[in-house]
Amino acid sequence: SIHDNKIKPVQNCFPLQNELKWISECSLLLTLNDLHHARVYNNSVCMQKHMHGSAFGCLRVVYLRASFSLDSLSECLSSGPQVQWLLDNYETAEGVSLPRSTLYCHYLLHCQEQKLEPVNAASFGKLIRSVFMGLRTRRLGTRGNSKYHYYGLRIKASSSLLRLMEDQQHLAMRQQPFSQKQRWTQTLSFLSFSVSHSGSCVSHTQVQQYQQFLDASRALPEFPDVDLQDRALPEGIELEHLKSFQLLYREHCEAILDVMVNLQFPLVETLWKTFWRFSESQAGDSTTLAVHDESEKRLPKSCLVLLCKYDPVLRWSRDCDNTLYQGLVEMLIPDVLRPIPSALTQAIRNFAKSLESWLTNAMMNIPEEMVRVKVTSASAFAQTLRRYTSLNHLAQAARAVLQNTAQINQMLSDLNRVDFANVQEQASWVCRCEDRVVQRLEQDFKLTLQQQNSLEQWAAWLDGVVSQVLKPYQSSTAFPKAAKLFLLKWSFYSSMVIRDLTLRSAASFGSFHLIRLLYDEYMYYLIEHRVAQAKGETPIAVMGEVQTHSDTEFFT
């Protein structure tokens, strides 16, 4: 019987006809054909009753606890396909754990493959707890590298996810030092799916091949608290709303990192749309509202909108994004000089090209203040990815030149014909470089070229040049300005040398032009990092300064 919209547990010895009557009392308008696939779910599933010896042998009636209301029943039934997918791929077991982000990313790709609209991470977590009774959450890992795990849950032995997860962990542990193995065992693996419709997505096979070029050991640093700067909270906003925003934002950034480490770039757009409660229509429809229901419970969108206009939150979001994006750059391109497969380079460039449009589309109903702050950081991130991939491409082309003895000898012969005194005379009017400094650099350059040094040795020489020139400005507020000025002088002076080689129709002009492009780009890279270090900021933050200065009205 039903009392006050509550359902009592079903007894083990229930006859089939009584079960059908019990289901009808729940107002489930199912036909006999529907019963074969019917599942009734609750927020706390206790067990499933398998019925044998009847025409409905596959019917599973899930026991409902007494506190479950009929209002929640229809909402839970809508999760049937997702629940079945969970039951097919995961099971409970003692003494095991699985990263929380792993399950969610498995789910996102499953939704993309099945063309389903995914729920957000919080709603998915609620669904998991509904399916698997007594599941506990633990934070496992070393300090600074810990992640939330579901304790007591594992992938089924029959699931294809298990084999692929083991393959990737084996590959990673072979290629990484022992100290990084633990991180790999916690890294999500959802390679059983492939989003083939996107040019920026990397296939399953390619991901396995490209993992060796990534630095997946990096964890997302802890975010600071929002600095209110003694400013009053917006009207209608409580401190709990602010804390909820911080927690949701952290979970969102962790999900992005987990997706990126597996090179599933298109899912970044999905995560953005989920976090910012994207809706095709301004008002939103019932389906979209249902997807964002759990987020609404934790932080109503009206409060989200108000916080997106609050100066301390804008600053905090910008700083968190800069931290996240810097980590992603260092994960994707840990060494700008190390050879990277062209397909991976192209995938990264395609992703960078799509970033801004994905973000602006996902935030179409978010206040302009937050959109501009977010786009500024994303633009610096995209620009950095494009520059680093270009630098890497130049490095591989120049490596072939530097390893060619005949080309090196021709370059030396042509370089010795350059009138450096005339070059210095013309350049000094603009650069005002000291003669002794220019002469020393000229001699060092010729010596390094003559020794036929490797690309890595050339990089060390360039780094030494930067250290030597900027040494007088260490620990000075004038360091950033001096570093940028040196970059301009270096570029101007090298262009004068290339000009002289051009006028002399040097046979090695092409080689010099390539080397000059590489060294200018690498010098830019070095200066960028030195300035960031001097300011105590990330290179991404430094690169976003130009746009940030134009956005100062949001922080005044």
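Quick caveat, the model's predicted, so the values are computed rather than measured.

(A) Structural context of the overall build of the chain. From N to C terminus, the chain includes 25 helices and seven strands. Looking at the chain as a whole, 52% of its 556 residues are labelled buried. Put simply, 76% of the contacts in the chain that link residues at least 6 apart link residues at least 24 apart. Summing over all exposed atoms, the chain offers an accessible surface of approximately 26400 Å²; the carbon and sulfur share of this is 52%.

(B) Up close: helix H16 (residues 342-362). Relative to the 30 Å expected for 21 residues at 1.5 Å per residue, H16 spans 30 Å between its end C-alpha atoms, a close match to the ideal helical length. Helix geometry: H16 is bent most strongly at serine 354, by close to 40°. Those residues of H16 that sit buried are Leu344, Thr345, Ala347, Ile348, Phe351, Ala352, Ser354, Leu355, Trp358, Leu359 and Ala362.

(C) Geometry of the environment of threonine 538. Along the chain, threonine 538 falls in the loop between helix H23 (509-535) and helix H24 (539-543). Residues in contact with threonine 538, not counting those within four places in the same chain, are Asn322, Gln326 and Ala532.

(D) Up close: helix H22 (residues 479-503). In this model H22 runs 36 Å from its N-terminal to its C-terminal C-alpha over 25 residues, within 8% of the 36 Å that 1.5 Å per residue would give. Serine 505 sits one or two residues past H22 and shows a positive phi near 50°.

(E) Inspection of the environment of leucine 108 at higher detail. If you trace the backbone, leucine 108 turns up in helix H5 (residues 100-114). For the pair leucine 108 and leucine 271, spaced 163 residues apart in sequence, the C-alpha separation works out to 9.0 Å. The contact partners of leucine 108, leaving out residues within four places of it in the chain, are Pro118, Leu267, Thr270 and Leu271.

(F) Structural view of the packing of H5 against helix H6 (residues 121-131). Orientation of H5 relative to H6, taken along the N-to-C sense of each, is 105°, at an axis distance of 10 Å. Between H5 and H6, the angle falls in the class roughly perpendicular. Residues Leu103, Tyr104 and Tyr107 of H5 form the contact with H6, whose participating residues are Ala121, Phe124 and Ile128. Per-class residue counts for the contact of H5 with H6 are six nonpolar, no polar and no charged.

(G) Examining unusual backbone geometry more closely. For glutamine 229, which is not glycine, the phi dihedral falls at a positive 55°. With respect to the helices and strands, glutamine 229 occurs in the loop between helix H9 (204-210) and helix H10 (239-260). A positive phi angle is found at aspartate 230, which is not glycine, with a value near 60°.

(H) Region of the structure containing the pattern of salt bridges. Overall, the coordinates contain 17 salt bridges when judged by the stated rule. Where arginine 417 meets aspartate 414, a salt bridge forms, and the shortest distance between an N and an O atom there is 3.1 Å. Salt bridges here are not isolated pairs; linked through shared partners, they connect Glu222, Arg250 and Glu254.

(I) Broad picture of the packing of helix H18 (residues 405-415) against helix H20 (residues 435-450). Where H18 contacts H20, the axes come no closer than 10 Å and their chain directions differ by 155°. As far as their axial angle goes, H20 and H18 are roughly antiparallel. The two elements H18 and H20 cross, and the hand of that crossing is left-handed. Contact residues: Ile408, Met411, Leu412 and Leu415 in H18; Phe445, Lys446, Leu449 and Gln450 in H20.

(J) Layout of the nonpolar core. Core analysis: the largest hydrophobic core is formed by 144 residues, its most contacted members being Phe245, Met260, Trp272, Trp276, Leu332 and Phe381. When residues in this core are grouped by element, the largest group, 16 residues, is from helix H17 (residues 368-402). With residues near it in sequence (within four places) discarded, leucine 332 still touches Phe213, Leu214, Met260, Leu263, Phe265, Ile348 and Leu385.

The rules behind the values
Residues numbered from 1 in each chain as written. Predicted model: local features only at pLDDT ≥ 70, side-chain atom pairs only at ≥ 80, totals over all residues. Heavy atoms only, no water. Helix = DSSP H or I, 4+ residues; strand = E, 2+ residues; numbered from the N terminus. Buried < 20%, exposed > 50% of the residue type's maximum accessible area, 1.4 Å probe, protein only. Contact = heavy atoms within 4.5 Å. Areas by Shrake-Rupley, 256 points an atom, 1.4 Å probe, with all protein chains shown as cover. Expected span 1.5 Å × (residues − 1). Bend = angle between axes of the 7 residues up to and from the residue. Axes fitted to C-alpha atoms, helices over the stretch in contact; angles between N-to-C directions. Parallel < 35°, antiparallel > 145°, perpendicular 65-115°, else oblique. Nonpolar A, V, L, I, M, F, W, Y, C, P; charged D, E, K, R; others polar. Salt bridge = Lys/Arg side-chain N within 4 Å of Asp/Glu carboxyl O. Left-handed = near helix turned anticlockwise from the far one by under 90°. Core = buried A, V, L, I, M, F, W, Y, C linked by side-chain atoms within 4.5 Å.

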